[in-house]
Amino acid sequence: MRKLLNVLYVTNEDAYLSKDGEDISIRISDQKPIKIPSHNLEGIVCFGYQGASTKLMAMCAEKNIGMSFHTQFGKFLCRVQGRVSGNILLRKKQYKISDDENKSCLIAKNFIIGKLVNYKNVLNRFKRDYRDKFDENMRRSIEYLSDTIKSVSKSEDLNSLRGLEGIGSKYYFDVFDNLILVDNKSFRFDSRNKRPPLDRVNALLSFVYVILSHDIESSLESVGLDPQAGFLHRDRPGRSGLALDMMEELRSYLCDRFVLKLINTRVIKENDFIVKENGSVFILEDARKNILTAWQKRKKDFIIHPFLNEKIEVGLIPYVQSLLLARYLRGDLEEYPPYLMK
């Protein structure tokens, strides 16, 4: 099993990264550089515009340290990738299936079933933990999600899958506000919005989704798959289609519940955000640091993987799912088993 290493998150937009021997040197203005050993890193995520030296990027590529760049508000800019070392036969199989919409549909169906089952499980867990706050709207959403899952299992084309995924997401997000327990109008949630987010909850969701996307891309590459060649999300220049596919089943368990905990335990507060004149909402730097610290801590928790029935760290879930997908593509599994939370 792969060892869970650290991910370095650089949140200061004035930080510049460079190579210093085998260390990563982080310089902010005229301050003394901070040095981070590279040997215990599996990824670097930069939020800002200063960037990094070519020598550092070359070292990261050589050591297979995933490195991605985003604006300070989380918009993806680019990703540094070294020489492709994946199994060429595996990638050729991936491309062949990706080009066949009927075969792609068989895999995409399991991504969406995983997503909708996990939506249901999030709501059912809330029912178990907060029965007095569980209302009729939430009960109906669970019923509608059950019906949608049945429809997904019978779907035979990608367009109908996308339509059913959208319907299921609406049922879930229609009652998402019920899951927020703090009595604060600043954390009300009406609907999912992005680019830019228009409220604090959506700002948190979008930020954490960016973090997860980096982890999934790195995991897919580590097992020899191409993050860009998706099955549900079709080819588009600059879009990591397969990473977006896998995010579908993992968002609610790894991200949505994490965001809810940040809000409900008051780790994140109203004044941790800035609201622009156009209504867009962004997370302040200190709050982002707190979120990333909590994210890294959460990744070190242990769970029993529902398919492998083995104890693993939460941070390894994207890697395990990538490995299972690779096994399916090789023909070692009859179908891809999505991650289903308990």
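Look a little higher up for the structure.
A quick note: this is a predicted structure, and the numbers were derived from the prediction, not measured. (Residues numbered from 1 in each chain as written. Predicted model: local features only at pLDDT ≥ 70, side-chain atom pairs only at ≥ 80, totals over all residues. Heavy atoms only, no water.)

## Concerning the overall build of the protein
So, point 1. Within the protein, the secondary structure is distributed over 9 helices and 11 strands.
So, point 2. Scaling as 2.2 N^0.38, a compact globule of 342 residues should have a C-alpha radius of gyration of about 20 Å, and the protein matches this with 20 Å.
So, point 3. Put simply, the protein has 342 residues, and 53% of those count as buried.
So, point 4. Expressed as a percentage of contacts within the protein between residues at least 6 apart in sequence, the contacts between residues at least 24 apart total 63%.
So, point 5. Here the protein displays about 16800 Å² of accessible surface, and carbon together with sulfur accounts for 48% of that area. (Helix = DSSP H or I, 4+ residues; strand = E, 2+ residues; numbered from the N terminus. Rg over C-alpha atoms; globule rule 2.2 N^0.38 Å. Buried < 20%, exposed > 50% of the residue type's maximum accessible area, 1.4 Å probe, protein only. Contact = heavy atoms within 4.5 Å. Areas by Shrake-Rupley, 256 points an atom, 1.4 Å probe, with all protein chains shown as cover.)

## Some words on the pairing of strand S2 (residues 15–20)
So, point 1. As paired elements, S2 and strand S3 (residues 23–28) share 6 bridges and run antiparallel to each other. Bridge pairing in S3 links Ser18 to Ser25. (Pairing = 2+ DSSP bridges.)

## Some points on the pattern of salt bridges
So, point 1. Enumeration over the complete set of coordinates arrives at 13 salt bridges.
So, point 2. A salt bridge links Lys115 to Glu165; the shortest N-O distance between them is 2.4 Å. Residue Lys115 is found in helix H3 (residues 101–129), and its partner Glu165 is found in helix H5 (residues 158–174); the two are separated by 50 residues along the sequence.
So, point 3. Look at Lys115 and you get buried, because its relative accessible area is 4%.
So, point 4. Overall, Glu165 belongs to the buried group, its relative accessible area being 17%.
So, point 5. Here Arg128 and Asp129 are joined by a salt bridge, their closest N and O atoms 3.1 Å apart.
So, point 6. Given a relative accessible area of 57%, Arg128 falls into the exposed group.
So, point 7. Here Asp129 falls in the partly exposed class, since its relative accessible area comes to 43%.
So, point 8. Look at the salt bridges and you will find they share partners, linking Glu136, Arg139, Arg140 and Glu143 into a network. (Salt bridge = Lys/Arg side-chain N within 4 Å of Asp/Glu carboxyl O.)

## Digging into the side chain of Thr148
So, point 1. Tracing the backbone through its elements, the reader meets Thr148 in helix H4 (residues 136–154).
So, point 2. With residues near it in sequence (within four places) discarded, Thr148 still touches Leu116, Leu164, Ile167, Gly168 and Tyr171.

## A word on the layout of surface pockets
So, point 1. For the second largest pocket, the calculated volume is near 630 Å³.
So, point 2. Those elements that provide at least two residues to the lining of the second largest pocket are H3, helix H7 (241–264) and helix H8 (285–299).
So, point 3. Looking at the lining of the second largest pocket element by element, the count peaks at 8 residues for H7.
So, point 4. Here the lining of the second largest pocket is built from residues that sort into 12 nonpolar, 2 polar and 7 charged. (1 Å grid on protein atoms, 1.4 Å probe; cavity = no way out; pocket = protein on both sides within 12 Å on 5 of 7 lines; lining within 4 Å. Points joined across faces, edges and corners; volume = space filled by probe spheres on them. Nonpolar A, V, L, I, M, F, W, Y, C, P; charged D, E, K, R; others polar.)

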